[in-house]
Amino acid sequence: MKIFYYDIAVSLPLRQCFTYSSELKITKGTRVSVPFGKRKIVGVVIRNIQKPDFLKKAGAIKKIIAVLDEYPLFDKPIFDSILWSSDYYHHPIGEVFNTFVPTELRKINNKKIEALREFSEYSVNEDDKKFDLTKDQEKAVKALSKSKGFSPTLLYGVTGSGKTEVYLRVAETFIKNNKSVLVLVPEINLTPQLLSRFENRFNGEIGIYHSKQTAAKRLKTWLKAKFGSIKIIVGTRSSALVPLDNIGLIIIDEEHDQSFRQSEGFKFSARDLSIKRAQLANIPIILGSATPSLQTLKLVKENKFTRVDIPNRVDGNKPPKLIVLDINNSPLIGGVARETIEAMQSTIDRGEQVLVFINRRGFAPLYQCGSCGWVADCKSCDTNLVFHQARNRLICHRCESAYSVNSSCPACKSNDFNMHGAGTERVEEVLKSNFVKTPIIRVDHDSTKKVGAMEAIVKKIHSSDAAILVGTQMLAKGHDFPKVTLSVILNADNGLISPEINALEKISQLLIQVSGRAGRNNNLAKVIIQTRYPDDINLNKIKTGDYMKFASQCLSTNEQMNLPPFTTLCLLRCSSPTQRSNVDFLEKAVLILSNRTDINVIGPLPSLVSKSKGNYRHQVYIHAPKKTFLNKVLKFLTTEFEKWPESNKVKWSFDIDPIDLS
Ligand code: ADP
Ligand code: ZN
Ligand code: ZN
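What comes next concerns the included structure.

Rules and cut-offs
Residues numbered from 1 in each chain as written. Chains lettered and ligands numbered in written order. Predicted model: local features only at pLDDT ≥ 70, side-chain atom pairs only at ≥ 80, totals over all residues. Heavy atoms only, no water. Pairing = 2+ DSSP bridges. Helix = DSSP H or I, 4+ residues; strand = E, 2+ residues; numbered from the N terminus. Donors = N, O, S within 2.8 Å, 3.2 Å for Na, K, Ca; no water. Tetrahedral: all angles 85-135°; square planar, octahedral: opposite > 155°, others 65-115°. Core = buried A, V, L, I, M, F, W, Y, C linked by side-chain atoms within 4.5 Å. Buried < 20%, exposed > 50% of the residue type's maximum accessible area, 1.4 Å probe, protein only. Contact = heavy atoms within 4.5 Å. Near = heavy atom within 4 Å. Polar contact = N/O pair within 3.5 Å; in protein donor to acceptor, adjacent residues only side chain to side chain. Areas by Shrake-Rupley, 256 points an atom, 1.4 Å probe, with all protein chains shown as cover. Nonpolar A, V, L, I, M, F, W, Y, C, P; charged D, E, K, R; others polar.

**Some thoughts on the sheet that holds strand β1 (residues 4-10)**
On the basis of which strands lie adjacent, the open sheet formed by five strands has the order β2-β1-β4-β3-β5 and antiparallel pairing. With partners counted over all chains shown, the strands left at the sheet margins are β2 (18-22) and β5 (66-67), one partner each.

Next up, the structure:
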């Protein structure tokens, strides 16, 4: 009898496949159950191999227990995207599979991949087309609808230019050609409008796929998409590799958004992975943004991506003016300057809305003893605790631990405490006392936790007249609030003076995005940026509102300075309960790289957040001119690490193309 041998990826954090045998011929990508130690676990067939050399005696290779499904998990383009990303990000293959396999298919249970034969008809709801396209929209739709094969396109459209309408029309063409469409959004909660616009435009189920759904719901949607009964999926980064039968188009909305990057566990960029998928599936991909990432702009410059512009707002209005407000000599009340309050008052008096942006939730970010200077900090992390008034707790924003509020100082027993700085709660309180009759609507992680809360808030904003919206970046993303004519940015300074390499990219995107929320219907709209650095050279460039000009300057600077996206960066991260173990491990790593001239290595250094959830954190920067070099170095390191006793004392990981250096 013929015996087949297979390399199998098991769902464990291991950087290798294991060889098993079977009498059956099994297709790549099929789930099987295999013995592993004393356990029985799920594995995925990666490849069929020749009889292995090490097979000396019969029985040395274990047998596959059972084939679990009639169908493989994924088609070839997705399967190859998974192999590519495991290789590119140097992450254990089994864990990469798990990221894209619904939870219920990761364990041995009675769940199976079974073909669904429900067919839902898709048609376009013509009544939903309430206006004619603008000339620019028409051009964009025309260009994008005829894309064939792998053709990545940046759809650059200022906020309010009607990008969503373009997505809808292009999607329509593909749907009519019997293709399916995947739409990726940064966060599902923040884009109820995009989702509902797809639902209104198409008759037929629009699948929603994201990690906050129940496992059963996710499996159902996944299966429906796989077997063609759902043709449009709107989802977050975990849906980058959702199997869609006969996929024809991928759309990435707000492609610059940091949320496409997963920063825990398998650290990957859903945007980059989707581009890879589009390439392997040989289909077009649209990357939409009003503030495109430097990486995408670089690819456009190199003619690897096409660029389609929608330069004007549909309403014909000019983007709002950005006004820099020097707060060095203004007393702040809970973070808000008097001049700002006055500007808000006149907006409210006109019956319009104000959006106040502050990048911090809670009441006050620093809780300090007034006598001895003791500061409340987290026992497990290197972070100060944030006072939350609504819960009357001090909360760590890194590990979410909640501490009760001290009645006396643990250091000097004084009960004289001061709170410094302001978060959304404090700003809300200050504004309530200044604008007694105006509804104040707070939008942050805490106010939107409950299911449906965000939808309710959005509804309230739309149904109110004069109102003040206070919130974190949740407010800055993608929304369409037509009554907002004044946006206020309370603290841009952290972003302007941040040491992170892509700080300027981030802060310029944020300022332009927040300003995009203002004045969709009003030529007099403006944005106030409170700052202690009114002469900052970058702030003054951003202030012109010309994002593309600023971005192209950043791009030239990065090229001259050999920074990403012109070179590649990897953070070798390490964490453990003792600093010694981290340093020993990383020093040894740096030592074996010391004779390499093709890379630049810096470290070990403590991470910006040097302790998190009880573990110390250190890192080494590995900077290489080319991905190929970096890849070789990381492969070499991985093999070494697996041999070292030091590796057992730490948790190490590679963070490739990191966006958050903390
Ligand atoms: P973007 O995503 O580029 O910020 P949206 O697609 O949200 O812009 O469009 C902004 C608003 O303009 C929406 O309310 C949309 O319904 C409306 N809109 C889009 N295209 C047109 C058009 N051609 N004529 C009139 N209104 C339009
Ligand atoms: Zn004290
Ligand atoms: Zn903590």
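**With respect to the coordination of the zinc ion (ligand 2)**
At 2.3 to 2.4 Å from the zinc ion (ligand 2) lie its protein donor atoms, namely C369 (SG), C372 (SG), C409 (SG) and C412 (SG). In this structure, the zinc ion (ligand 2) is coordinated by four donor atoms arranged in tetrahedral fashion, with angles at the metal of 104 to 114°. All donors of the zinc ion (ligand 2) come from a single chain, and their spacing in sequence reads C-x2-C-x36-C-x2-C. Residue C372 is located in the loop between β19 (366-369) and β20 (386-388), and its partner C412 is located in the loop between β22 (402-404) and β23 (417-420); the two are separated by 40 residues in the primary sequence.

**Notes on the nonpolar core**
Counting 137 residues, the largest nonpolar core has F97, F100, F198 and I622 as its most contacted members. Broken down by element, this core gets its largest block of residues, seven residues, from helix α4 (residues 163-176). Leaving out residues up to four positions away in the same chain, F198 has contacts with Y167, L168, A171, V183, I206 and I232. Grouped together as the second largest cluster of nonpolar side chains are 23 residues, I348, V356, F435 and I528 included.

**A word on the site of ligand 1**
Taken together, 17 residues sit near ligand 1, with D132, Q137, G160, G162 and K163 positioned nearest. Between ligand 1 and the protein, one listed contact pairs a nitrogen atom with a backbone N or O atom of D132 at 2.8 Å. One of the backbone nitrogen or oxygen atoms of G160 is found 2.7 Å away from an oxygen atom of ligand 1. Burial of ligand 1 by the protein chains amounts to 77% of its free accessible area of 560 Å². For the shell around ligand 1, the element with the highest residue contribution is α4, accounting for three residues. Residues that form the shell around ligand 1 fall into these classes: four nonpolar, seven polar and six charged.

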